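# Structural characterization, general
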Number of protein chains: 4
Amino acid sequence: MLSFVNDYSEGADERILQRLLETNREQLPGYGEDRYCLSAREKIRSACGCPDADIYFLTGGTQTNKIVISSLLAPWQGVVAAESGHIGTHEAGAIENAGHKVLTLPHREGKLMPDTLAQYLRSFYADENHSHMVFPGMVYISWPTEYGTLYSRRELADLYDICREYQIPLYIDGARLCYGLSCSACDLTLPELAALCDVFYIGGTKAGALCGEALVFPKKNTPPQFSTILKMYGALLAKGRLLGIQFDTLFTDNLYLQISKNAIETADVLKEGFRRKGYRFYLDSPTNQIFVILENSRMEALSRQAAFCFWEKLDASHTVVRFATSWATSMQDVEALVQLL
Amino acid sequence: MLSFVNDYSEGADERILQRLLETNREQLPGYGEDRYCLSAREKIRSACGCPDADIYFLTGGTQTNKIVISSLLAPWQGVVAAESGHIGTHEAGAIENAGHKVLTLPHREGKLMPDTLAQYLRSFYADENHSHMVFPGMVYISWPTEYGTLYSRRELADLYDICREYQIPLYIDGARLCYGLSCSACDLTLPELAALCDVFYIGGTKAGALCGEALVFPKKNTPPQFSTILKMYGALLAKGRLLGIQFDTLFTDNLYLQISKNAIETADVLKEGFRRKGYRFYLDSPTNQIFVILENSRMEALSRQAAFCFWEKLDASHTVVRFATSWATSMQDVEALVQLL
Amino acid sequence: MLSFVNDYSEGADERILQRLLETNREQLPGYGEDRYCLSAREKIRSACGCPDADIYFLTGGTQTNKIVISSLLAPWQGVVAAESGHIGTHEAGAIENAGHKVLTLPHREGKLMPDTLAQYLRSFYADENHSHMVFPGMVYISWPTEYGTLYSRRELADLYDICREYQIPLYIDGARLCYGLSCSACDLTLPELAALCDVFYIGGTKAGALCGEALVFPKKNTPPQFSTILKMYGALLAKGRLLGIQFDTLFTDNLYLQISKNAIETADVLKEGFRRKGYRFYLDSPTNQIFVILENSRMEALSRQAAFCFWEKLDASHTVVRFATSWATSMQDVEALVQLL
Amino acid sequence: MLSFVNDYSEGADERILQRLLETNREQLPGYGEDRYCLSAREKIRSACGCPDADIYFLTGGTQTNKIVISSLLAPWQGVVAAESGHIGTHEAGAIENAGHKVLTLPHREGKLMPDTLAQYLRSFYADENHSHMVFPGMVYISWPTEYGTLYSRRELADLYDICREYQIPLYIDGARLCYGLSCSACDLTLPELAALCDVFYIGGTKAGALCGEALVFPKKNTPPQFSTILKMYGALLAKGRLLGIQFDTLFTDNLYLQISKNAIETADVLKEGFRRKGYRFYLDSPTNQIFVILENSRMEALSRQAAFCFWEKLDASHTVVRFATSWATSMQDVEALVQLL
């Protein structure tokens, strides 16, 4: 059956597996201090235009979010996020388990708008009872968002200005960063993004790696003893090479961006197919996630021939579903799906 | 200056202080095992119609909420509450600090309506992604609510039915329980309330004690080693007598309900005063908290002669403020305030 | 029956209760901002010779330890303490519940000796695997210790030098501080003690208050938003006056030290009694706790006429027990006990 | 340079990498529900003789220990371990970070002896102050231990009897389980070990996998919603296939035990070499870790030609060092090292 369920259904780009094989019998130090980790860090620093960045490799997005957020917040602070933000919806309470509230604000197509943030922060400090409330201690956004949308350069700069005004860090969840950077609607480069936040991660799991996220502190602002913190959270792989080799490969000859283009090209063809056949979109996403409104019996029928992801009920007779492409999606599968529509 | 800022501005009913003096030189065991704690427990069991209840004395509401909620939830569960619930707004993240999310739902005049709860729980389990979400593990309500309103017997019974259907405990924050029980709109007795929940506390701090809340597990459902848990949270007073003597006094000859009547009587006169003078109420509260809408310049003027509590901005020119009466409010002060209106 | 079980068996010095009565109907702001809290802070600053100290009132020792330690440590740090330290033995895991390890070191009569500390810190940083270990982030000592012994001025200064060398704060648990300051073996003043640490608390619960500990940050080193932290831990009393009035009274005309002298005088008479009757001491404590070795059948017999505290088994036929005096112990009771020996 | 630093210096058994390549483009469900995870679980159940076991795949030992221990303990409980236990020494406070104390007991060559455990538990409950102490809520042992030693069948059965008497679970950290099972001193089978505990994990990271530990609940005693707990701790890999395929390969045709035999054979030759050359052993380990006492200048000289692991200082002129072999150690390297001795 055709599957467009998500962007982590396949293994890894074969060049990664090949490198794992080639380097397999080398004896290397553990815990992220091997030569492949060092090399990957150097290449990422260069790609981000941040020669001084500190970089850590973790195994997944929830793990990364939990550790970054709990390390940057004081005990009495929470993290501000859009109501649709992954940390508040589908991470099983990971942030609260580490002791912090997710302070949610309304979103527009998955985005926390600068006005919304500014208004919230102003109100918070204007409230004379705020010393008994959870203080906003950092801002979390996803780029692309959970709806596949992108903050423009302007929006990101505005958010960052507000964060600096209130002296709280801005953190970007880049689980699907590569798909944002590869799409035609993007008006940002990776160095520009790195300059407009305090910490971000470059997702590997959804971008052709077996697992792994590269966490970047671009501005010499890493929490002290961060690698001890990773150990404390059970996030430090003994064989750090597994992550180093993957990211070293992804950041060699720009493989990272190159393979993500496939997701965008296949998504564009699929979107065009939906449009041509008269389907309604729930919103307009420029990246690899497509949100379509299906009449329920149509959904039922389609689900017998292709796999996709239930998103939410729209009304009694319609449902929002998501089709995702990835680095591994074949144009052939897309064309077969368009045929079915 | 006249003060209606809150219901904890004075010390304690003098009979309590008297008893502290009378018993002062008795040598008593510590940690809540003295004869006054035992006697207070017996009297509370009797007042609640729960001969088997386990009862613990704590020093404050946030402390009680934090400990009860974290003791009853599994790590992967959160507590459901109205958006206006005290645990989610003015407890500085105490619940999240103990590892749990507050799952907020819309309210009606401070109340979590049974339909809202039922709909949420149904949707949660219907969502096929719910295993990555925070599970609803208990329900928290305040009686009276933060807006001074009361759940009727019917509403409480409906909430409890839903909780039992989903096998999650219902917890009632009774910081102002006495004021609810004493008002004419109340259609519940204390034993009925105790029967319609799994755990609740009887507030002392806002009801004529120096400090103290009596936590009641009416149904032999106390978490194991609960007194060790209290110690672990720093909530076990060495001189437990301080709490025991206070509650023993409050539950002797119904002093608890008797003194709270004063709050209701003075509130009723004050409400009538506002009404007569043409003030608008933000909502209709039957207990000791009165929410009035003031035009801003009127608020400014009034605040020079009487103290009250800012609640929230209504619009550019109006503000919601709260006047609270208590066991200690004098009718004379109320009349003086009505004069000023 | 005569009781020497502990130093918190009675209520409070009557002057405290009197002040509670006198001030009872004053309408005061909540949460520690009333005039009595302000006055008590000023008097304590003066008694400590720390005009800039920040002072907070909490309700008990475990609560204070938990909050101070968790507020001063980074997540990857633990607190160093003697094996006999209260935080590691009888606080039900309060420190670990807040996320931190108690790093225990051997003690001498309850004291963490400077050499032991220095040797441990040197070894820790010499160990090439220490990045996977819990870092020592502060040092906790009790003064007097759990065995009633005292650090001399020299010992305290040496400990503090070591702490400063490693840039970790020194915290003094002063649950029984008054009894240390009042005894003849003490070679320290309160201002000297305040100068030789980074944070300490002055115990009220064991020194004639109903409850309460005064936490002192003598050097402008209070963690940010500390009162929000107190709220988050459920440690902020709505009626902060209860603590303010008590400490204001205790620090008026040196009442604090005056009443603690009684504990020392009665303890000295009792010790002399034991000595005269040929009893063996487990160790020599200069303060209000007396540790005596009793032959088991003697212990059995004595326990029928006087209450004391089991401490630990010494061998098959002997037991260490503790007799405690306090501000409230009558010389008459001591003489009656000596008669019984 | 020859390296015997640890048992996780190389990548993975090549058959594992081969399987990753072969299955790479299969579209599989995420989060551990793919066919390889299911198959691996089935094979492990069979190898353990536990047809009903629940099995989860995690990425590392510290992560597994943290999650298992915090999921099985009540908030007021701690985990009992030998002083040398990995959770108390080299996991950066992971257990305390999750809220629990590690209750350490003396060990014999890395083993927690049944008598020591029984004596501790008896004393704990005999202590009349134990309600203010951390309750022992489970027992943690490593098999093999951190010193490479093994509990005999008898010792394990005795420990388990004690645990059952006190109704607390016994948890076995099997980071190096394969090396224990493969050595000649072992008098246990895997099904026997599974029968003598409540939960254990089979280490993959140190046994020829890139990463991964298989956590086994042999007795239908999995904590509720365990996979939500994994998500909450950031331990649930989106591409669970990475772990499933590795364990499926390791448990096909007993590859797991087969490759671990190499570690034992090379270790035996190495030990014989040390013995022949007159080296002193720190203790006698039957598995793949060899603890040797080196005179310091000898250590210095040797470290220029071979890498090994510093363990601890023995005295001013001697040091304990560790040589580890693994599934990947070549006999040629061992012989070269023996030449150097």
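Residues numbered from 1 in each chain as written. Chains lettered and ligands numbered in written order. Predicted model: local features only at pLDDT ≥ 70, side-chain atom pairs only at ≥ 80, totals over all residues. Heavy atoms only, no water.

## Focus: the overall build of chain A
On a plain count of helices and strands, chain A comes out with 14 helices and 13 strands. Radius of gyration (C-alpha) of chain A: 20 Å, near the 20 Å computed for a compact globule of 341 residues. Among the 341 residues that make up chain A, the fraction classed as buried is 66%. Within the structure as shown, chain A displays about 11,600 Å² of accessible surface, and the carbon and sulfur contribution to it stands at 48%. If you average the places of the 32 positive and of the 40 negative side-chain charges in chain A, the two averages end up 3 Å apart. (Helix = DSSP H or I, 4+ residues; strand = E, 2+ residues; numbered from the N terminus. Rg over C-alpha atoms; globule rule 2.2 N^0.38 Å. Buried < 20%, exposed > 50% of the residue type's maximum accessible area, 1.4 Å probe, protein only. Areas by Shrake-Rupley, 256 points an atom, 1.4 Å probe, with all protein chains shown as cover. Lys, Arg positive; Asp, Glu negative; His and termini not counted. Charge placed at Lys NZ, Arg CZ, Asp CG, Glu CD.)

## What about the interface of chain C and chain A?
Reports of interface size often rely on the accessible area that becomes lost once the parts have come together. In this assembly, 14 residues from chain C lie in contact with 14 residues from chain A. Taken together, the two surfaces of chain C and chain A that pack against each other cover about 1,300 Å², and 73% of this comes from carbon and sulfur. Across the chain C-chain A interface, the total number found is zero salt bridges. Summed over the shared surface of chain C and chain A, the result is four residue pairs in polar contact (both at pLDDT 80 or more). For the side of chain C that touches chain A, the element with the most residues is helix α10 (residues 226-232) of chain C, which contributes four residues. For the side of chain C that touches chain A, the class distribution of residues is nine nonpolar, four polar and one charged. (Contact = heavy atoms within 4.5 Å. Buried area = accessible area lost by both parts, 1.4 Å probe. Salt bridge = Lys/Arg side-chain N within 4 Å of Asp/Glu carboxyl O. Polar contact = N/O pair within 3.5 Å; in protein donor to acceptor, adjacent residues only side chain to side chain. Nonpolar A, V, L, I, M, F, W, Y, C, P; charged D, E, K, R; others polar.)

## Describing the pattern of salt bridges
A complete count under the given rule lists 56 salt bridges over all chains for this structure. With its nearest N and O atoms 2.6 Å apart, the salt bridge here joins R176 of chain B to D7 of chain B. Pair noted here: R176 of chain B is in the loop between β6 (170-174) and α8 (177-182) and D7 of chain B is in the loop between β1 (2-3) and α1 (14-22), with a separation of 169 residues, a long-range link. Residues R176 of chain B and D7 of chain B agree in their burial class; the two are buried. The partner of E96 of chain D in a salt bridge is K101 of chain C, and the shortest N-O contact between them spans 2.8 Å. Of this pair, E96 of chain D sits in helix α5 (residues 94-97) while K101 of chain C sits in the loop between α5 (94-97) and β4 (102-105), each in a different chain.

## Some remarks on the relation of the copies chain D and chain A
When chain D is fitted onto chain A, the two copies agree to an RMSD of 0.0 Å after a turn of 180 degrees and an axial shift of 0.0 Å. A rotation of that kind, with that shift, is consistent with a two-fold axis. (Least-squares fit on C-alpha atoms with pLDDT ≥ 70 in both.)

## Remarks on helix α2 (residues 35-48) of chain B
Residue and element names in this part refer to chain B. When the terminal C-alpha atoms of α2 are compared, their 20 Å separation across 14 residues agrees well with the 20 Å that a helix rising 1.5 Å per residue should span. Restricting attention to buried positions, one finds in α2 the residues Y36, C37, A40, R41, I44, R45 and C48. On its buried side, α2 packs onto α1, β2 (54-58), α9 (190-195), β7 (199-203), β8 (213-217) and α11 (241-250). A positive backbone phi angle near 65 degrees is found at G49, which sits one or two residues after α2. (Expected span 1.5 Å × (residues − 1).)

## Here we look at the packing of helix α12 (residues 255-276) of chain C against helix α14 (residues 331-340) of chain C
Residues and elements named next belong to chain C. Between α12 and α14, the least distance of the axes is 10 Å, while the angle of their chain directions is 10 degrees. It follows from the interaxial angle that α12 and α14 lie roughly parallel. Contact residues: α12 offers E265, T266, V269, L270, G273 and R276, while α14 offers M331, V334, L337 and V338. When its residues are assigned to classes, the contact of α12 with α14 shows six nonpolar, two polar and two charged. (Axes fitted to C-alpha atoms, helices over the stretch in contact; angles between N-to-C directions. Parallel < 35°, antiparallel > 145°, perpendicular 65-115°, else oblique.)

## Some remarks on the sheet that holds strand β12 (residues 309-315) of chain A
Residue and element names in this part refer to chain A. Pairing is antiparallel in the open sheet, where four strands are placed in the order β9-β10-β13-β12. If you trace the sheet from one side to the other, it starts and ends with β9 (280-281) and β12, each paired once. Together, β10 (289-295) and β13 (318-324) form the strand contacts of helix α13 (residues 296-303), whose direction differs from that of β10 by roughly 120 degrees. (Pairing = 2+ DSSP bridges.)

## A word on the relation of the copies chain C and chain A
Aligned on chain A, chain C shows an RMSD of 0.0 Å; the corresponding rotation is 180 degrees and the shift along the axis is 0.0 Å. Looking at the interface residues of chain C, 100% of them are also at the interface in chain A, so both copies use one shared face.

## Some details on the nonpolar core
Residues F200 of chain B together with F200 of chain C are the most contacted members of the largest nonpolar core, which totals 208 residues. Each residue touching F200 of chain C, except ones within four places of it in the same chain, is listed here: C48, Y171, I172, L177, L190, L193, A194, A214, L215, V216 and P218 of chain C. Within the second largest apolar cluster, 207 residues are counted, among which are I168 of chain A, L215 and F226 of chain B together with Y120 of chain D. (Core = buried A, V, L, I, M, F, W, Y, C linked by side-chain atoms within 4.5 Å.)

## Some remarks on the pairing of β2 of chain B
Every regular strand shows the same layout, with side chains that alternate between the two sheet faces. All names here are of chain B. Burial within β2 is extensive, with four of its five residues counted as buried. Judged from the five bridges that link them, β2 and β8 form a sheet pairing that is antiparallel. Following the sheet pairing, I55 is matched in β8 by V216.

## A word on the interface of chain D and chain A
On the side of chain A, 45 residues touch chain D, which itself brings 45 residues to the contact. For the pair chain D and chain A, the summed buried surface comes to about 4,100 Å²; carbon and sulfur atoms form 53% of the total. For the pair chain D and chain A, the number of links is two salt bridges. Residue R25 of chain A pairs with E14 of chain D through a salt bridge whose shortest N-O separation is 3.0 Å. Linking chain D with chain A are 30 residue pairs in polar contact (both at pLDDT 80 or more). For the side of chain D that touches chain A, the secondary-structure elements that each account for two or more residues are α1 (14-22), α3 (61-72), α5, α10 (226-232) and α11 (241-250) of chain D.

## Thoughts on unusual backbone geometry
Working note: non-glycine residues mostly have negative phi, and peptide bonds are mostly trans. The amide bond that connects W143 of chain C to the next residue, P144 of chain C, takes the cis arrangement and shows omega of -10 degrees. Mapped onto the fold, P144 of chain C is located in the loop between β5 (135-142) and α7 (153-165). The phi dihedral of Y31 of chain D is positive, around 60 degrees, even though this residue is not glycine. Position of Y31 of chain D relative to the elements: it lies in the loop between α1 and α2 (35-48).

## So, the UniProt feature "domain: Aromatic amino acid beta-eliminating lyase/threonine aldolase" (unreviewed entry) in chain A
Feature annotation in UniProt places "domain: Aromatic amino acid beta-eliminating lyase/threonine aldolase" (unreviewed entry) on residues 31-256 of chain A, given in this structure's numbering. Secondary structure content for residues 31-256 of chain A is 40% helix and 17% strand, while the C-alpha to C-alpha distance between its ends is 24 Å. (UniProt positions renumbered as here; feature names shortened; annotations may be inferred.)

## Points about the confidence of the model for chain A
For chain A, per-residue confidence averages 97 on the pLDDT scale, and 100% of positions sit at 70 or higher. In the model output, the complex is listed with pTM 0.97 alongside ipTM 0.97. (pLDDT = per-residue confidence, 0-100.)

## Some words on the packing of aromatic side chains
Summed over all chains, the structure comprises 87 aromatic pairs over all chains. Aromatic side chains Y125 of chain B and F135 of chain B sit 6.3 Å apart centroid to centroid with 70 degrees between the ring planes, which places their arrangement in the edge-to-face category. A residue pair is termed long-range when its members are at least 10 positions apart, and Y125 of chain B in helix α6 (residues 114-126) and F135 of chain B in strand β5 (residues 135-142) qualify at 10 residues. Under the relative-accessibility criterion, F135 of chain B is labelled buried at 4%. Seen in terms of ring centroids, F124 of chain C and Y125 of chain C are 4.9 Å apart; in terms of plane orientation they differ by 85 degrees. Their pairing is edge-to-face. Residue class for F124 of chain C comes out buried when judged on its relative accessible area of 4%. The structure contains a cluster of three or more aromatic residues connected by ring pairs, namely F4, F274, Y279, F281, F308 and F323 of chain A. Cation over ring: K111 of chain B sits above Y151 of chain B, and NZ or CZ is 5.9 Å from the ring centre. (Phe/Tyr/Trp six-rings, centres within 6.5 Å; stacked < 30°, edge-to-face > 60°. Lys NZ or Arg CZ within 6 Å of the ring centre and 35° of its normal.)

## What about the side chain of T329 of chain D?
All names here are of chain D. Tracing the chain through its elements places T329 in the loop between β13 (318-324) and α14 (331-340). A residue is classified by how much of its surface remains accessible, and T329, at 12% relative accessible area, is buried. Only 2.7 Å separates the side chain of T329 from the backbone nitrogen of S326, close enough to count as a polar contact. Look past the residues within four positions of T329 in its chain and what remains in contact with it is F4, N262, T266 and V334.

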